[in-house]
Amino acid sequence: MKQRAPLTLAAVTAALAAVTGIASLTAPAAPAADGKKTAAARMPVERSTLVCPAPSSSDIADTAYTSYTPGAAPGAKADAKGTGKGAARLLGATKEAKAVLEPKEPGKPVGATSSGSEAPALMGTAEGALAPGWTVQQTTKVAVGRARGVLGTACGVPGTDFWFPAVGTSKGREDYVHLTNPDDTAAEVDVKLFGPEGPVKAEPGRDRITIAPKSSQRLLLSTLAPDTQLADVTAHVTTRSGRIGASVQVAEDGVGTDWLAPSTDPAGSLVLPGIPSDATSVRLVAFAPGEEDADLSIRLAGPGGSLSPAGSEALHLKAGMTASVDLKDVTRGEAGSLLLAPTDAKKAVPVVAALRVVRGSGAKQELGFIPASGPVGARATVADNRTGENATVLYVTAPGKDDAKVRVTASPGTEGGEPESKEIQVKAGTTLAVSPPPAPSGGKGSYALTLETLSGGPVHASRTLTLPHEGIPMFTVQPFTDDRSTVLVPKAVQDLSVPTE
């Protein structure tokens, strides 16, 4: 009997938590003693935790960190716990635990830099007014060597379940999964690989790792099964106990290196936003983690509408087996986003996916990744954007049947300036490339871009940061995802306070 890749207990638990959480937030409030219903208010979150992987093993790596918290969250009501300046610290995941970033107030980004291979993984928390929507971007540039390139990643929220399509164990690849434990107790982690033929049998004991409290480890994925070389693999990282941050750093001979962020949770339809217009090679890697096969339609949403790539209109995914499609130069000079949907809407099977994207040619190629990502939602932010010709390009996609309106706001720079905003319309089924996007006026340094959905259907977005070096289009892509900066809090039905004499 063929072994499948079932959704784990952790994944099921997370899914149930999400479902029950939504239900509890949207269900009618319990009636008060007088028969009237109580209302719920949307309030800012009070605490956020982020972790960042160790940036590079290269001695010539230069890393920039940018921290930013937007102002008041959309729809949030003022509250004593959410006002004021708040506090935030991002510390090294080492015994010394030195502070790297200490932002002071919302609306003002702060930056820090480090050099060399000794820069540690980071972990930290933000409280009060700095917590809602807190984001930290880590950008590393390595000028030469096998690991040369621009590596970018948004520091992640700790969790228990992560999917990484598009990793590899073949000759010429070095893919490391970075695991960071921000808590005071050890985390027990399992790492499983799934190739084109199903689960990859690991060497005994190598696929289970203990991460000590407040520490980080990295694991070379090819060491899990030294005798198996596969170009396209899906990695599944779960915890038996505790929680972690997880990212994969990919280095590939001839095309450089970048971070691969986790795909969004398994879903029947996926959006992979922001393929650059000059992409010379695009490969889709997808995986169905349940017990059922998936049949997907593939469409490219460009500036003029959506179409099916010739010869790659559909993809059949066998359950538990990784599949890939070489889309070549699918954008053909126009930026776009890839849309995956079930060929039969009544048979939607949850899948995960990511794109391996190459720009340039010959000896001047550069690698990047675009994971499937969730919608922008009420608000989303990506930090460390930079001015200059085509340095930052924003891609916004409306994958549904409705047009959408989005507000784009550029924060002040890390060295001052004033914010700038712009409202943009995105037609249904299209991708809009905004180049240049809004930038702060009168300021210097890097800045954050914040997107807010104003009306219409859901939108998905990403930004590309390009820092060319000696003719190599070094770049990295980061998606925008809902910052979940507010929660619905039911008002108390009764006043349970005890009067004082």
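Bear in mind that the values here come from a model prediction, so they are computed numbers and not experimental data. All residue numbers here refer to positions counted from 1 along the written sequence of the relevant chain. Side-chain atom pairs in this predicted model are given and counted only at pLDDT of 80 or more, local residue features only at pLDDT of at least 70, and totals for whole chains, interfaces and linings cover all residues. The basis for every side-chain value is the complete set of non-hydrogen atoms in the structure, without hydrogens or water.

## Considerations on the overall build of the protein
Turning to step 1, where the next piece is worked out: Along its length, the protein carries 1 helix and 36 strands.
Turning to step 2, where the next piece is worked out: Any residue under 20% of the maximum accessible area for its type is buried, any over 50% is exposed, and the rest in between are partly exposed; the area is computed with a 1.4 Å probe on protein chains only. Taking all 501 residues of the protein together, the buried fraction comes to 51%.
Turning to step 3, where the next piece is worked out: Considering only residue pairs separated by 6 or more positions, the protein has 81% of its internal contacts joining residues 24 or more positions apart.
Turning to step 4, where the next piece is worked out: For accessible areas, the Shrake-Rupley method is used with a probe of radius 1.4 Å. Any residue's cover is judged against the shown protein chains and nothing else. Accessible area for the protein stands at about 22100 Å²; split by element, carbon and sulfur atoms hold 52% of it. In this text, helices come from DSSP runs of H or I with a minimum length of four residues, and strands from runs of E with a minimum of two, each type numbered from the N-terminal end. The criterion used for residue contact is that any of the two residues' heavy atoms lie within 4.5 Å.

## Quick notes on the sheet that holds strand β33 (residues 447–456)
Turning to step 1, where the next piece is worked out: Here the rule is simple: two strands pair whenever DSSP picks up at least two bridges between them. Across the sheet, 4 strands lie side by side as β28-β33-β30-β31; this open sheet has antiparallel pairing. Only two strands of the sheet have a single partner each, and these edge strands are β28 (379–385) and β31 (420–426). This sheet shows a mean twist of 20° between the axes of neighbouring strands, independent of strand direction.
Turning to step 2, where the next piece is worked out: Summarising the sheet, β28 and β33 pair through 5 bridges and their orientation is antiparallel. Bridging from a neighbouring strand, T381 pairs with T450 of β33. Lines fitted to the C-alpha atoms define the axes, with helices restricted to the stretch that makes contact. Angles between their N-to-C directions range from 0 to 180 degrees.

## Structural notes on the side chain of T322
Turning to step 1, where the next piece is worked out: You can see T322 is positioned in the loop between β23 (314–317) and β24 (323–328).
Turning to step 2, where the next piece is worked out: Judged by its relative accessible area of 5%, T322 is buried.
Turning to step 3, where the next piece is worked out: Of the polar contacts made by the side chain of T322, one reaches the side chain of T234; its length is 2.9 Å.
Turning to step 4, where the next piece is worked out: Excluding residues within four positions of it along the chain, T322 makes contact with F194, G195, P196, D232, V233, T234, V285, A286 and F287. In protein, a polar contact means a hydrogen-donor-capable atom and an acceptor-capable atom, both N or O and within 3.5 Å, with residues adjacent in sequence counting only if both atoms are side-chain atoms; elsewhere, any N or O pair within 3.5 Å suffices.

## Remarks on the sheet that holds strand β11 (residues 173–181)
Turning to step 1, where the next piece is worked out: A sheet is described by the order of its strands in space; here 4 strands give the open sequence β15-β11-β17-β18, paired in antiparallel fashion. A single partner strand is all that each edge strand has here, and the edge strands are β15 (215–220) and β18 (256–260). On average, each strand axis in the sheet is inclined to that of its neighbour by 20°, with strand direction left out of account.
Turning to step 2, where the next piece is worked out: Examined bridge by bridge, β11 and strand β17 (residues 245–252) share 8 bridges and lie antiparallel to one another. Within β17, the residue paired with T180 across the bridge is G245.

## Some details on the state of the cysteines
Turning to step 1, where the next piece is worked out: Pairs of cysteine sulfur atoms within 2.5 Å are what we label disulfides. Within this structure, the stated rule accounts for 1 disulfide.
Turning to step 2, where the next piece is worked out: With a sulfur-sulfur separation of 2.0 Å, C52 is cross-linked through a disulfide to C155. Between C52 and C155, the S-S dihedral sits near 110°, and the bridge is therefore right-handed. With C52 in strand β2 (residues 47–52) and C155 in the loop between β9 (149–154) and β10 (161–167), this pair connects stretches of sequence that are 103 residues apart.
Turning to step 3, where the next piece is worked out: We classify C52 as buried; its relative accessible area is 1%.
Turning to step 4, where the next piece is worked out: Accessibility expressed as a relative area gives 7% for C155, which makes it buried.

## Quick notes on unusual backbone geometry
Turning to step 1, where the next piece is worked out: Residues S435 and P436 are joined by a peptide bond in cis, for which omega reads 0°.
Turning to step 2, where the next piece is worked out: By the element assignment, P436 lies in the loop between β32 (430–434) and β33.
Turning to step 3, where the next piece is worked out: Positive phi, close to 85°, is recorded for A166, a residue that is not glycine.
Turning to step 4, where the next piece is worked out: Examined against the element boundaries, A166 turns out to sit in strand β10.

## Some details on the packing of aromatic side chains
Aromatic ring pairs: the centre-centre distance and the angle between the two ring planes describe each pair.
Turning to step 1, where the next piece is worked out: Aromatic rings from Phe, Tyr and Trp, with only the six-membered ring used for Trp, were paired whenever their centres fell within 6.5 Å, and each pair was classed as stacked if the ring planes differed by under 30 degrees, edge-to-face if by over 60, and tilted otherwise. Scanning all chains against the criterion turns up 2 aromatic pairs.
Turning to step 2, where the next piece is worked out: Throughout this description, the term charge over a ring refers to an Arg CZ or Lys NZ atom that lies within 6 Å of the ring centre and within 35 degrees of the ring normal. A cation sits over an aromatic face here: R218 above Y176, 4.0 Å from the ring centre.

## Brief notes about the pattern of salt bridges
Turning to step 1, where the next piece is worked out: Put simply, a salt bridge is a Lys or Arg side-chain nitrogen that is within 4 Å of an Asp or Glu carboxyl oxygen. Taken as a whole and assessed by the stated rule, the structure comprises 21 salt bridges.
Turning to step 2, where the next piece is worked out: Salt-bridge contacts for R89 lead to E102; the nearest nitrogen and oxygen are separated by 3.2 Å. Separated by 13 residues along the polypeptide, R89 in strand β4 (residues 87–92) and E102 in the loop between β5 (99–101) and β6 (110–115) bring together distant segments of the chain.
Turning to step 3, where the next piece is worked out: The closest approach of N and O atoms between R148 and E366, which form a salt bridge, is 2.9 Å. Placement of R148 in the loop between β8 (135–142) and β9 and of E366 in strand β27 (residues 366–371) is noted, with a sequence separation of 218 residues between them.

## A closer look at the confidence of the model for the protein
Turning to step 1, where the next piece is worked out: A residue's pLDDT is simply how confident the predictor is in it, with values from 0 to 100. In this model, the protein carries an average pLDDT of 89, and 87% of its residues clear a pLDDT of 70 or more.
Turning to step 2, where the next piece is worked out: In this model residues 8–35 is a low-confidence stretch, pLDDT under 50, and it forms 22 contacts with partners more than four residues away in sequence or in other chains.
Turning to step 3, where the next piece is worked out: Overall, residues 493–497 carries pLDDT values under 50, and its contacts beyond four positions in sequence, including any with other chains, amount to 4 contacts.

## As for the nonpolar core
Turning to step 1, where the next piece is worked out: Remark: nonpolar core denotes a set of buried residues (Ala, Val, Leu, Ile, Met, Phe, Trp, Tyr, Cys) joined through side-chain atoms within 4.5 Å. The biggest cluster of nonpolar side chains holds 32 residues, and the ones touching the most others in it are F164, L179, V237 and L260.
Turning to step 2, where the next piece is worked out: When residues of this core are traced back to their parent elements, those giving at least two are β10, β11, β12 (187–195), β14 (208–211), β16 (233–241), β17, β26 (352–359) and β27.
Turning to step 3, where the next piece is worked out: Residues contacting F164, with those up to four places away along its chain left out, are V233, T234, A235, V237, A246, S247, V248, L260, A261 and P262.
Turning to step 4, where the next piece is worked out: A279, A323, L327 and I370 belong to the second largest nonpolar core, which has 29 residues in total.

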